[in-house]
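Fold and contact review
In case you want the letters, here they are:
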Amino acid sequence: MKKNLLVFVLLITLFNPKLFAQKNRFSGWAALFHTQKFSPKWGMSFDAQFRSANHYDYLQNILLRPSLNYYFDKNKMAALGYAYIATNGRGAGGIETFRPESRIWEQLIINQKLNKAVNLQHRFRLEQRFLGNTTARQDHYFSQRFRYFARAVVPLKKTDSFVKGTFVGLQNEVMVNVQNNHKVNKHFFDQNRAYAAFGYRLQKEVDLEFGYLNQFVQQTSSTYFNHVLQAAIYTRF
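Scope of this entry: the structure provided in the associated data block. This one's a predicted model, so the numbers in the text were calculated from it and none came from an experiment. Each residue is numbered by its place in its chain's sequence as written, counting from 1. At least 70 in pLDDT is required for a residue's local features to be given in this predicted model, at least 80 for side-chain atom pairs to be given and counted, and no such filter applies to totals for whole chains, interfaces and linings, which use all residues. Side-chain figures throughout are based on the complete set of non-hydrogen atoms in the structure, without hydrogens or water.

Overview of the overall build of the protein
- In DSSP terms, a helix is any run of H or I states spanning at least four residues, a strand is any run of E spanning at least two, and both are numbered starting from the N terminus. Per the secondary structure count, the protein includes two helices and 11 strands.
- Listing every helix and strand of the protein by position from the N terminus yields α-β-β-β-β-β-β-β-β-α-β-β-β.
- Burial classification: accessible surface area is computed with a 1.4 Å probe over protein chains only, and a residue below 20% of its type maximum counts as buried, one above 50% as exposed, and the rest as partly exposed. Counting all 237 residues of the protein, 43% fall into the buried class.
- Residue contacts follow a heavy-atom distance rule, with two residues in contact if any of their heavy atoms lie within 4.5 Å. Of the contacts made within the protein by residues no fewer than 6 positions apart, 52% connect residues no fewer than 24 positions apart.

Re the sheet that holds strand S9 (residues 189-203)
- By definition, two strands form a pair when at least two bridges between them are found by DSSP. Spatially, S1-S2-S3-S4-S5-S6-S7-S8-S9-S10-S11 is the arrangement adopted by the 11 strands of the closed barrel, whose pairing is mixed. On average, each strand axis in the sheet is tilted by 20 degrees relative to the strand beside it, whichever way the strands run.
- Looking at chain direction, strand S1 (residues 23-37) and strand S11 (residues 223-236) are connected through 13 bridges and run parallel. Among the inter-strand pairings, Ala31 is bridged to a residue of S11, identified as Ala232. Every axis corresponds to a line fitted to the C-alpha atoms, with the helix fit spanning only the stretch in contact, and the corresponding angles, defined between N-to-C directions, vary from 0 to 180 degrees.

Concerning the nonpolar core
- In this structure, Leu114, Ala117, Val118, Leu120, Tyr148, Ala150, Ala152, Val153, Phe162 and Phe167 together form the largest nonpolar core, which totals 10 residues.
- Ranked by residues supplied to this core, first place goes to strand S7 (residues 141-155) with four residues.
- If you look at the next biggest cluster of nonpolar residues, it comprises eight residues, including Leu63, Met77, Ala79 and Ala83. Remark: nonpolar core denotes a set of buried residues (Ala, Val, Leu, Ile, Met, Phe, Trp, Tyr, Cys) joined through side-chain atoms within 4.5 Å.

Structural notes on unusual backbone geometry
- Despite not being glycine, His55 shows a phi value in the positive range, around 60 degrees.
- Here His55 lies in the loop between strand S2 (42-52) and strand S3 (59-73).
- Unlike most non-glycine residues, Tyr56 shows phi in positive territory, near 60 degrees.
- For Tyr56, the location among the structural elements is in the loop between S2 and S3.
- According to the relative accessible area criterion, Tyr56 is partly exposed, its value standing at 46%.

Description of the side chain of Thr87
- Along the chain, the position of Thr87 falls in strand S4 (residues 76-90).
- Within the local environment of Thr87, its side chain forms a polar contact with the side chain of Asn61, the two groups lying 2.9 Å apart.
- Once residues within four sequence positions are removed from consideration, Thr87 is found in contact with Gln60, Asn61, Thr97, Phe98 and Arg99. Under the rule applied, a polar contact is a pair of N or O atoms within 3.5 Å (in protein, one hydrogen donor and one hydrogen acceptor; residues adjacent in sequence only if both atoms are side-chain atoms).

Details of the environment of Pro40
- Mapped onto the elements of the fold, Pro40 is located in the loop between S1 and S2.
- It is 8.8 Å that separates the C-alpha atoms of Pro40 and Lys74, two residues lying 34 residues apart in sequence.

Some thoughts on the pattern of salt bridges
- One speaks of a salt bridge when a side-chain nitrogen belonging to Lys or Arg is within 4 Å of a carboxyl oxygen belonging to Asp or Glu. What the rule picks out here adds up to 14 salt bridges.
- For Glu96, the salt bridge is made with Arg90, and the minimal N-O distance between the two is 4.0 Å.
- On the basis of relative accessible area, Arg90 is assigned to the partly exposed category, the value being 42%.
- Residue Arg103 is joined to Glu101 by a salt bridge in which the shortest nitrogen-to-oxygen separation is 2.6 Å. Glu101 shares its class with Arg103; the two are buried.
- Taken together, the salt bridges that share partners define one network made up of Glu101, Arg103, Arg123, Glu127, Arg129, Arg145, Arg147, Glu173 and Asp190.

Here's the deal with the packing of aromatic side chains
- Note on aromatic pairs: the rings of Phe, Tyr and Trp (six-membered ring only in Trp) are paired at centre separations within 6.5 Å, and the planes decide the class, stacked below 30 degrees, edge-to-face beyond 60, tilted for the rest. Tallying each qualifying case throughout the model produces eight aromatic pairs.
- Taking 5.0 Å as the distance between ring centres and 50 degrees as the angle between the ring planes, the aromatic pair formed by Phe130 and Phe142 counts as tilted. Here the residue Phe130 occupies a position in strand S6 (residues 119-131), and Phe142 occupies one in strand S7, the gap between them amounting to 12 residues.
- On the basis of relative accessibility, which here comes to 40%, the residue Phe130 falls in the partly exposed class.
- Assessed through its relative accessible area of 27%, Phe142 is described here as partly exposed.
- Among the aromatic residues, those joined into a cluster by ring pairs are Trp42, Tyr70 and Phe72.
- Here Lys37 stacks its cationic end above the ring of Tyr71, 4.2 Å away from the centre of that ring.
- The ring of Phe149 has Arg123 sitting right over it, with the charged end atom 4.1 Å from the ring centre. Cation placement over rings: the criterion is NZ of Lys or CZ of Arg within 6 Å of the ring centroid and within 35° of the ring normal.

Read these as layout, nothing more, since geometry by itself doesn't imply function.
Next comes the structure, spelled out in structure tokens:
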């Protein structure tokens, strides 16, 4: 178990290139993640996220993301989903901008058991992104992005089966542009999100969580860090 945890910590560190950051931003995110099983093989997931602009100035992003899930077994699951992302912005002179985005995405989740109470979740996701712009200059384009995500929930008290109590959540996600990256930011690397949180499991199906997310973003000609305070609710039925 110690070896696996070390690999996970190294993963977070390796893909967090702080030496290259040029700017810092500060925002808040709120999220709901829900998973519902219909049968041993089929289920669905849904998450809704609300993200502020820099310095919490206004609501910048609304993300709605449902999916249909197929469970190969208790440790492997595939999903096909859709996402809608509304992005509000402020241009020169305070002019409001709006960019809608639709995504179709496919993913595979593999759960690796570290001990009786801790799983390390690996998530591989491919997104087909349809981006638009409603400003005077119409610019619509298609791109694809690949994402690798790893997450572990570690109970703060030793237990054989974690059904209630406090925990620490650790996760990291790397995103790369695999098609039409010149349309997005002209780079293969897109962003990295490293996250650590403190949470409380109310019961086996419900977690409450509050943490810090460090988002490193590669833009066309610059990079920046977004320092995010995130509150999240996880439900599983």
